[in-house]
Amino acid sequence: MKTTQIPQKEADRLLEKYYDGLTTTAEERLLQQFLLQDNLPTRYDPDKAILGYFAANKTHTTERSSTPTVTLSLRQRKRWLYPSLIGSGAVAAMLTFLFTFNYLTHPSTDNYAYVHGEKVTDAALLAATMQSSIDILGSSSEDVDASVALLDTERDLLNEQLQLFY
Amino acid sequence: MKPQLLRTNAFRRPARILRAGILFLLLSLCLPSHLMAQKGLNIDEAFKRYGKAKNAVMVNMSKEVLEEYDFIFFKSITIKNDPEAANFIRACLAKDEKGAKKIKQVVANGVVTTTYLQLAPVEGGNRLILFNEQVKPTRQLVLIYIESEKETDDILKPLLIKKRTN
């Protein structure tokens, strides 16, 4: 098979096109040939890694060139594998960070009080303030019960008085 | 060859969209659920409006510090000598009580002084709104919002009895 090397500028353009998923077979072959070159600048190392064209695979890829169908299949699988692994790793790392951040910040951001306009986050003070508001409700409940009891007493008294007329 | 590649490229884009979608979904799940539960209520406006006022005490507490009560979320506000705030809260309660179960209501001279509402449960559990306004010895109101996995009776009894046993 005839090999034509492309210049770096053209390789950069094709790499960009490759990451957009727009390259054709011929263009990918050109990229492959370019990345398999020795003495390439180190800035192409990530591309080599992502495209799976490490030196270790070089021989293997060259061997495969005699059977084009298998080569394409394996290459495609590699092309999928590396970005997927990198992407999954990034997502996993981000989620771990978010869950940790959420767990660590949740108690401090969600537990607070404003006492006459001043923010309070001290746990003991918060508990006391909370208890105080519950006590107000509790005492009001007592008042309501007392009023109802008083009403009952008054109703009994009224009934007794009404009985006198019968 | 070409159709095979086109299929590969076409397959890559939905995968990216899917990955982004999953990430977005997981990020949404990281948000505290009770924040969403409370947002839909009209009383939330009362907390926002009067929470930092000089004559008010507002408490906001989450599960981590509510072990004693077995609540998921607790928010309360007590306001002193502010009839306007009381009227505003009563208006909010009138809107929130639509679709809610009225556990207790006390009306004195045509004005609601006590309301206990059981709202439609959310994923986290039961939701209660407790409101009371008392005039003597000082004019003050208390508004409490609670989320708990416990039953309504089990939430209320300890709160209302606590004062009497103290």
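Refer to the structure presented above.
Summary of the structure given here.

Conventions used here
- Residues numbered from 1 in each chain as written.
- Chains lettered and ligands numbered in written order.
- Predicted model: local features only at pLDDT ≥ 70, side-chain atom pairs only at ≥ 80, totals over all residues.
- Heavy atoms only, no water.
- Phe/Tyr/Trp six-rings, centres within 6.5 Å; stacked < 30°, edge-to-face > 60°.
- Buried < 20%, exposed > 50% of the residue type's maximum accessible area, 1.4 Å probe, protein only.
- Helix = DSSP H or I, 4+ residues; strand = E, 2+ residues; numbered from the N terminus.
- Expected span 1.5 Å × (residues − 1).
- Contact = heavy atoms within 4.5 Å.
- Axes fitted to C-alpha atoms, helices over the stretch in contact; angles between N-to-C directions.
- Parallel < 35°, antiparallel > 145°, perpendicular 65-115°, else oblique.
- Nonpolar A, V, L, I, M, F, W, Y, C, P; charged D, E, K, R; others polar.
- Core = buried A, V, L, I, M, F, W, Y, C linked by side-chain atoms within 4.5 Å.
- Pairing = 2+ DSSP bridges.
- Salt bridge = Lys/Arg side-chain N within 4 Å of Asp/Glu carboxyl O.
- Patch = residues over 30% accessible without salt bridge, like charges linked within 9 Å, V, L, I, M, F, W, Y side chains within 5 Å.
- Areas by Shrake-Rupley, 256 points an atom, 1.4 Å probe, with all protein chains shown as cover.

A few words on the packing of aromatic side chains. Throughout the structure, instances matching the rule amount to seven aromatic pairs over all chains. Their ring planes at 75 degrees and their centres at 5.6 Å tell us that Y18 of chain A and Y19 of chain A sit as a pair that is edge-to-face. Judged by relative accessible area, which is 28%, Y19 of chain A ranks as partly exposed. Their ring planes at 25 degrees and their centres at 5.5 Å tell us that Y69 of chain B and F71 of chain B sit as a pair that is stacked. When sorted by exposure, Y69 of chain B lands in the same class as F71 of chain B, which is buried.

Attention shifts here to the environment of S84 of chain A. When you line up the elements, S84 of chain A lands in helix α5 (residues 68–110). Once the C-alpha coordinates of S84 of chain A and I50 of chain A are considered, the two residues, 34 residues apart in sequence, prove to be 9.8 Å apart.

Residue and element names in this part refer to chain B. Helix length check: helix α4 (residues 83–96), at 14 residues, gives a terminal C-alpha distance of 20 Å against a target of 20 Å (1.5 Å per residue), a fit within 8%. Among all positions of α4, only A85, A86, F88, I89, R90, C92, L93 and D96 are buried. Buried residues along α4 sit in contact with α3 (43–50), β2 (71–80), β4 (111–122), β5 (125–134) and β6 (140–148).

What follows concerns the packing of α3 of chain B against α4 of chain B. Residues and elements named next belong to chain B. With their axes 8 Å apart at the nearest point, α3 and α4 run at an angle of 155 degrees to one another. Here α3 lies roughly antiparallel to α4, going by the angle between them. Together, I43, E45, A46, R49 and Y50 of α3 and E84, A85, F88, I89, C92, L93 and D96 of α4 make up the contact between the two elements. Of the residues that constitute the contact of α3 with α4, the class distribution is eight nonpolar, no polar and four charged.

The subject of this paragraph is the nonpolar core. In this structure, I43, I129 and L143 of chain B are the most contacted members of the largest nonpolar core, which totals 25 residues. For this core, the element with the highest residue contribution is α4 of chain B, accounting for six residues. Counting residues in each nonpolar core, the second largest holds 23 residues, with V120 and I136 of chain A together with V59 and F74 of chain B among its members.

Counting buried residues along helix α2 (residues 25–35) of chain A, eight of its eleven residues qualify, which places the element largely inside the surrounding structure. Buried residues of α2 of chain A: T25, E27, E28, L31, Q32, Q33, F34 and L35 of chain A, and no others.

Turning to the sheet that holds strand β3 (residues 101–108) of chain B, a few remarks are in order. Read from one edge to the other, the open sheet built from eight strands follows the order β2(A)-β1(A)-β1(B)-β2(B)-β6(B)-β5(B)-β4(B)-β3(B), with strand pairing classed as antiparallel. The open sheet has two edge strands with one neighbour each: β2 (118–120) of chain A together with β3 of chain B. Ignoring strand direction, the axes of neighbouring strands in this sheet form an average angle of 10 degrees. Judged from the seven bridges that link them, strand β1 (residues 56–62) of chain B and β2 of chain B form a sheet pairing that is antiparallel. Across the sheet, S62 of chain B pairs through a bridge with F73 of chain B, a residue of β2 of chain B. With respect to the sheet, α3 of chain B is in contact with β1, β2, β5 and β6 of chain B, its orientation differing from that of β2 of chain B by roughly 55 degrees.

All names here are of chain B. Sheet topology note: the β3/β4 ladder contains seven bridges and is antiparallel. Bridge pairing in β4 links V106 to T114. In sequence, β3 turns back onto β4 through a hairpin of two residues, with N109 there showing a positive phi of about 55 degrees.

All right, on to the pattern of salt bridges then. Counted according to the given criterion, the structure contains seven salt bridges over all chains. Note that D12 of chain A and R43 of chain A form a salt bridge whose closest N and O atoms lie 3.4 Å from each other. Remark: R43 of chain A occurs in the loop between α2 and α3 (45–51) and D12 of chain A occurs in helix α1 (residues 8–19); sequence separation between them is 31 residues. Taking relative accessible area as the criterion, D12 of chain A reaches 28% and is therefore assigned partly exposed. Where E27 of chain A meets K17 of chain A, a salt bridge forms, and the shortest distance between an N and an O atom there is 2.7 Å. Of this pair, E27 of chain A sits in helix α2 while K17 of chain A is found in helix α1, placing the two residues ten residues apart along the sequence. Judged by its relative accessible area of 14%, E27 of chain A falls in the buried class. Each of R90, E133 and R139 of chain B takes part in one network of salt bridges that share partners.

All names here are of chain A. A cluster of nonpolar residues, L158, L162, L164 and F165, forms a patch on the protein surface that exposes about 490 Å² of accessible area. Within the secondary structure, L158 sits in helix α6 (residues 123–163). Taking relative accessible area as the criterion, L158 reaches 47% and is therefore assigned partly exposed.

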